[in-house]
Amino acid sequence: MQLALFIIFAALAIAGALNLLLQKHPINSALSLVVVMLSLAVLYWSLGAEFLAAAQVIVYSGAIMVLFVFVIMLLNAGEEEHTTGSRAAYFAGIPGALAVFCLLSFVFLRESKAFGSVQLSTAPVGAMSNIAEISQVLFTKLLLPFEVTSILILVAILGAVVLARKEERE
Amino acid sequence: MHLTDFQIFLLLSLVKVAVVLVITLTAVAYTVLLERKVIGRMQNRWGPSRTGPFGLLQPLADGIKLFLKEDLTPLLVERPLFLIAPIIALTCALVSVAVVPFGAVTLFHGVDLFEVANVNVGLLVILGITSIGVYGIALSGWSSNNKFALLGSLRATSQMISYELALGLSLVGVVLRAGSLNLRTIVDSQSAHGALSWNIFGGLQIVAFFIYLMSAYAETNRSPFDLPEAESELVAGYHTEYSSMKFAMFFMAEYANMITVSCVATLMFFGGASSPFGHLTDFGGPIAMGLQSIFWFVFKIFAFLFLYIWVRSTLPRFRYDQLMAFGWKFLMPVAIVNIILTSLAMALHAKV
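Residues numbered from 1 in each chain as written. Chains lettered and ligands numbered in written order. Predicted model: local features only at pLDDT ≥ 70, side-chain atom pairs only at ≥ 80, totals over all residues.

(A) Local environment of the overall build of chain A. Along its length, chain A carries seven helices and zero strands. When the elements of chain A are put in sequence order from the N terminus, they spell out α-α-α-α-α-α-α. When the 170 residues of chain A are sorted by exposure, 16% land in the buried category. Of the contacts formed within chain A by residues at least 6 apart in sequence, a portion of 61% connects residues at least 24 apart. (Helix = DSSP H or I, 4+ residues; strand = E, 2+ residues; numbered from the N terminus. Buried ≥ 20, exposed ≤ 12 C-beta atoms within 10 Å, placed from the backbone. Contact = placed C-beta atoms within 7 Å.)

(B) Representation of the overall build of chain B. A count of helices and strands for chain B gives 11 helices and two strands. Going from N to C terminus, chain B has its helices and strands arranged as α-α-α-β-β-α-α-α-α-α-α-α-α. Relative to the compact-globule value of 20 Å for 352 residues, chain B shows a C-alpha radius of gyration of 21 Å, a close match. With the C-alpha coordinates of chain B rotated into their principal frame, the extents come out at 65 × 60 × 45 Å. Taking all 352 residues of chain B together, 45% fall into the buried category. In chain B, of all internal contacts separated by at least 6 residues, the share reaching a separation of at least 24 is 77%. (Rg over C-alpha atoms; globule rule 2.2 N^0.38 Å.)

(C) Quick peek at the domain arrangement of chain A. Each assigned domain of chain A is listed with its residue range as follows: domain 1 (1-78) and domain 2 (130-170). A C-alpha centroid distance of 23 Å is found between domain 1 of chain A and domain 2 of chain A. (Domains from an automatic or database assignment.)

(D) The arrangement of the confidence of the model for chain B in detail. The predicted model of chain B has a mean per-residue pLDDT of 85, with 99% of residues at 70 or higher. Quick note on the complex model: pTM equals 0.84, ipTM equals 0.79. (pLDDT = per-residue confidence, 0-100.)

(E) Structural view of the packing of helix H1 (residues 2-22) of chain A against helix H2 (residues 26-46) of chain A. Residues and elements named next belong to chain A. Their axes nearest at 8 Å, the elements H1 and H2 cross at an angle of 160°. As summarised for this structure, H1 and H2 are arranged roughly antiparallel, according to the angle between their axes. Considering only the axes of H1 and H2, their crossing is left-handed. Here H1 contributes Gln2, Leu5, Phe6, Phe9, Ala10, Leu12, Ala13, Gly16, Ala17, Asn19 and Leu20 to the contact with H2, which in turn contributes Ser29, Ser32, Leu33, Val35, Val36, Ser39, Leu40, Val42, Leu43 and Ser46. (Axes fitted to C-alpha atoms, helices over the stretch in contact; angles between N-to-C directions. Parallel < 35°, antiparallel > 145°, perpendicular 65-115°, else oblique. Left-handed = near helix turned anticlockwise from the far one by under 90°.)

(F) Inspection of the packing of helix H3 (residues 50-75) of chain A against helix H4 (residues 122-143) of chain B at higher detail. Look at H3(A) against H4(B): their axes get within 8 Å of each other, and the N-to-C directions meet at 15°. Between H3(A) and H4(B), the angle falls in the class roughly parallel. The two elements H3(A) and H4(B) meet at a crossing, and its hand is left-handed. Counted together, Ala54(A), Val57(A), Ile58(A), Ser61(A), Gly62(A), Ala63(A), Val66(A), Val69(A), Phe70(A) and Met73(A) of H3(A) and Leu124(B), Val125(B), Leu127(B), Gly128(B), Ser131(B), Ile132(B), Val134(B), Ala138(B) and Trp142(B) of H4(B) form the full contact between these two elements. Tallied by class, residues from the contact of H3(A) with H4(B) come to 15 nonpolar, four polar and no charged. (Nonpolar A, V, L, I, M, F, W, Y, C, P; charged D, E, K, R; others polar.)

(G) Local environment of the nonpolar core. Counting residues in hydrophobic clusters, the biggest one holds 112 residues, and the most contacted among them are Ala89(B), Leu123(B), Ala138(B) and Met252(B). Looking at this core element by element, the count peaks at 17 residues for helix H9 (residues 244-269) of chain B. (Core = buried A, V, L, I, M, F, W, Y, C linked by C-beta atoms within 7 Å.)

(H) Up close: the interface of chain A and chain B. The interface is formed by 18 residues belonging to chain A together with 18 residues belonging to chain B. By residue number, the principal contributor to the side of chain A that touches chain B is H3(A), which donates 13 residues. Looking at the side of chain A that touches chain B residue by residue, the class counts come to 14 nonpolar, three polar and one charged.

(I) Seen up close, the environment of Phe51(A). With respect to the helices and strands, Phe51(A) occurs in helix H3. For Phe51(A), a count of 20 C-beta atoms within 10 Å puts it in the buried group.

(J) Here's a closer look at unusual backbone geometry. Residues and elements named next belong to chain B. Backbone geometry places Asn221, a non-glycine residue, at a positive phi of 55°. Phi angles above zero are rare outside glycine, and Ser244 is one such case at about 55°. Residue placement: Ser244 occurs in helix H9. Given 16 C-beta atoms within 10 Å, Ser244 falls into the partly exposed group.

(K) Looking closely at helix H3 (residues 79-95) of chain B. Look at H3(B): 25 Å from first C-alpha to last across 17 residues, which is about the 24 Å you get at 1.5 Å a residue. All buried positions along H3(B) are accounted for by Leu81(B), Phe82(B), Ala85(B), Pro86(B), Ile88(B), Ala89(B), Leu90(B), Cys92(B), Ala93(B) and Leu94(B). (Expected span 1.5 Å × (residues − 1).)

(L) View of the environment of Arg36(B). Residue and element names in this part refer to chain B. Here Arg36 lies in helix H1 (residues 5-42). In this structure, the C-alpha to C-alpha distance between Arg36 and Ile309, residues 273 residues apart in sequence, is 8.9 Å. Those residues in contact with Arg36 that lie beyond four places of it in its chain are Gly47 and Pro48.

Structural data, given as structure tokens:
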């Protein structure tokens, strides 16, 4: 069951990612990215990380990608032209991507025993939720990075407000 | 014939899905009739009264009419997106009913009869599916290749993104009190003393409830926040170019969303399927108790739908800048203050 889910949604994620690159119209690319995000959410869910899956859907597919689509609609972006690409991309990109792929698969295969495994929870009623665990870690061990990230986002919001306000004053 | 546990689970789940789907769609059809009748009475006229007794067959007639209408597709639309947009809207509106517990826990062969799926993070599932539903509206307006439809969908999208924040934040107080995102646990946390322990009264979440109510009206694009379909300025908003069943799908999605939002309000603030008289009215066996809990749930939903219609016939429409200012400068700060006060009260309570 879990393996079937993994195969279906991993394939869907890869297909979405390829479609994202191959589509000419930006809105189709943005929608393919939504498919990728949703498939990732299902993969998180099948690993037992329900909260992470829900957050992925709400934050990425529901908020960030909606803004992407919104901006594309508002700017009425046209179709892109496909170029053959630069030569440097072929000479450096393809071997580079292969090297990263080999490195990652080597590390994962070698350390696969240390990662452990989880089962898709069959009885959600009464089971310990992982929300409590996540918040425990987030507010004790990782408190500093958490707060620093919050401040970073706040700075970004203020920057956006400043940029948006600039035109009014002139 | 002997069935294994898994087969019983599968069979009962399929039956539950079919029954809930049929009931939701029927409820959608009759909510439309209810709205037309009630608004008619409020405007001192009869409303539909010709088809069947008291106009009760009107939804059927409307359905046949929409089904038999010619399905027009304008020439210059973005075809795949134009076709998929109403499907996204309706699917997202219907799926979220799956995690709603609409009756007391009634086990049959280990399967809960009155809830399709009991999910640990049920509340987040509903919020997530609602946020995906925005795509249906955004894409329908853009792919129609019509400036009124585009304006309508831009309004709808920005309104839904803005009010989603206030909506989510208003529910945090309730989640803090229940200590869980499971909808059953949230209902159980407020069913001890009937109406006195409901979150809106005993839980002191009355401010959160009104924030939720207002953001919910904006989320479902209903009056007084129905700017996306303001007929005097935008023809019909995002579904201007849709006809026949595709239009009907948007129409059904809107009413299904109203029902979902009413379900969440009932579960979060009004004790879900529990009786307002607490355990005073507990009588009969498990079947009587189950029916009683369903009665209370349906009654509460009905009250919310009536309120929706009442508000629509009472309040004038907001202006666009008022709408945005109201959401960002009033509802959101109040929701944050509510969270702080609730958690402060809980921390003090835990210490004493």
